[in-house]
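Topology and contacts: notes
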Amino acid sequence: MKIAVIKYNAGNVQSVLYALERLGADAVLTDDPEEIHAADKVIFPGQGEASSAMAYLKARQLDQVIKEIKQPFLGVCLGLQLLCEHSEENDTECLGIFPVKVKRFIPENSQEFKVPHVGWNELENLADNVLVKDLPDPKFLYYVHSYYAELSEATIATTHYIQDFTAILHRDNYWAIQAHPEKSSTVGEKLLSNFLTI
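Thresholds, definitions, all that
For every chain, the first residue of the written sequence is number 1, and numbering continues from 1 onward in sequence order. A pLDDT threshold of at least 70 governs which residues receive local features in this predicted model, and a stricter bar of 80 or more applies before side-chain atom pairs are shown or counted, although totals over entire chains, interfaces and linings include all residues. Think of the side-chain values as coming from all heavy atoms in the structure, minus any hydrogens and water. Helix numbering and strand numbering both begin at the N terminus, where a helix is a DSSP run of H or I of at least 4 residues and a strand a DSSP run of E of at least 2. The globule rule is 2.2 Å times the number of residues to the power 0.38, and the radius of gyration it is compared with is taken over C-alpha atoms. Only protein chains enter the area calculation, which uses a 1.4 Å probe; residues under 20% of their type maximum are buried, those over 50% are exposed, and those in between are partly exposed. In this description, contact between two residues means that some pair of their heavy atoms is separated by no more than 4.5 Å. Shrake-Rupley sampling with a 1.4 Å probe provides the accessible areas, and residues are treated as covered by the protein chains on show and by no other component. We count Lys and Arg on the positive side and Asp and Glu on the negative side, and we leave His and both chain ends out. Charge positions come from single atoms, namely NZ of Lys, CZ of Arg, CG of Asp or CD of Glu. Note: the arc covers the axis-to-C-beta directions of the helix. What counts as a salt bridge is simple: a side-chain nitrogen of Lys or Arg found within 4 Å of a carboxyl oxygen of Asp or Glu. Definition of a polar contact: a pair of N or O atoms within 3.5 Å, with one able to donate and the other able to accept a hydrogen when the atoms are protein atoms, and with sequence-neighbouring residues admitted only if both atoms are side-chain atoms.

1. Let's talk about the overall build of the protein chain
For the protein chain, the count of helices and strands is six helices and 13 strands. Radius of gyration (C-alpha) of the protein chain: 15 Å, near the 16 Å computed for a compact globule of 198 residues. By principal-axis analysis of the C-alpha atoms, the protein chain measures approximately 50 × 35 × 30 Å. Evaluated residue by residue, the protein chain yields a buried proportion of 53% over its 198 residues. The contacts of the protein chain with a sequence gap of at least 6 include a subset with a gap of at least 24, amounting to 71%. For the protein chain, the exposed surface amounts to about 8,800 Å²; the carbon and sulfur share of it is 46%. Across the protein chain, the mean location of the 17 positive side-chain charges is 2 Å away from that of the 28 negative side-chain charges.

2. Notes on helix α1 (residues 13-22)
Inspection of α1 places Val-13, Val-16, Leu-17, Ala-19 and Leu-20 among the buried residues, and these make up the whole buried set. Relative to the axis of α1, the buried residues are bounded by an arc of 160 degrees and lie together on one face. α1 presents Glu-21 and Arg-22 as exposed residues on the side facing more than 90 degrees away from its buried surface. Of the surrounding secondary structure, the elements contacted by the buried residues of α1 are β1 (2-6), β2 (26-30), β3 (41-44) and α6 (185-197). Taken from the residues just after α1, Gly-24 is the one with a positive phi, measuring 80 degrees.

3. Re the pattern of salt bridges
Note that side chains of opposite charge can pair when their charged atoms are close. With the rule as written, the count across this model stands at four salt bridges. Salt-bridge contacts for Asp-26 lead to Lys-2; the nearest nitrogen and oxygen are separated by 3.2 Å. With Asp-26 in strand β2 and Lys-2 in strand β1, the pair connects residues that are 24 residues apart, well separated along the chain. Owing to a relative accessible area of 34%, Lys-2 belongs among the partly exposed residues under this scheme.

4. A closer look at the side chain of Thr-92
With respect to the helices, strands and loops of the structure, Thr-92 is situated in strand β6 (residues 92-93). From its side chain, Thr-92 meets the backbone oxygen of Glu-89 in a polar contact 2.6 Å long. Those residues in contact with Thr-92 that lie beyond four places of it in its chain are Ala-50, Ser-51, Met-54, Glu-85, His-86 and Ser-87.

Encoded structure:
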């Protein structure tokens, strides 16, 4: 099984590759459309800023490649946000796979809640979905983000920070996780391993 990890101008790619290696997956970092289309599964990681990431994807026609994917596809962190239709981060039109808007956290109490949201938070309201099947307890994931996807029909798990927000999305062959599964111990490892079975 060949996993294509999409290469673009966003961080955290190496840690995702290491996590896949620990699971015994054969992963390649690539921005080659043919290699991406030929893979059994595709992972779209990233951390960084939405508008520059979208500009990079469009310049290399990777935005079209992502929209054409038919195999199981997993967005991670910034990857989740870019799969949505619009981000408040620099008023960015995104890929529109999920009809969801991405908004900035507004702390009601700056002493209690800091932005960005950094740290461990619990997955809640899990749907019956292969990606979240048999996750170990307690279901905590590691987050680093200032923007969040709104709750929607595509939401299959939530997390609470300031308010409830989308932790995981699913639509057709696309899944996406806001947290960093590659930095989330056994729960994150199980999420990745579940994705590899899809």
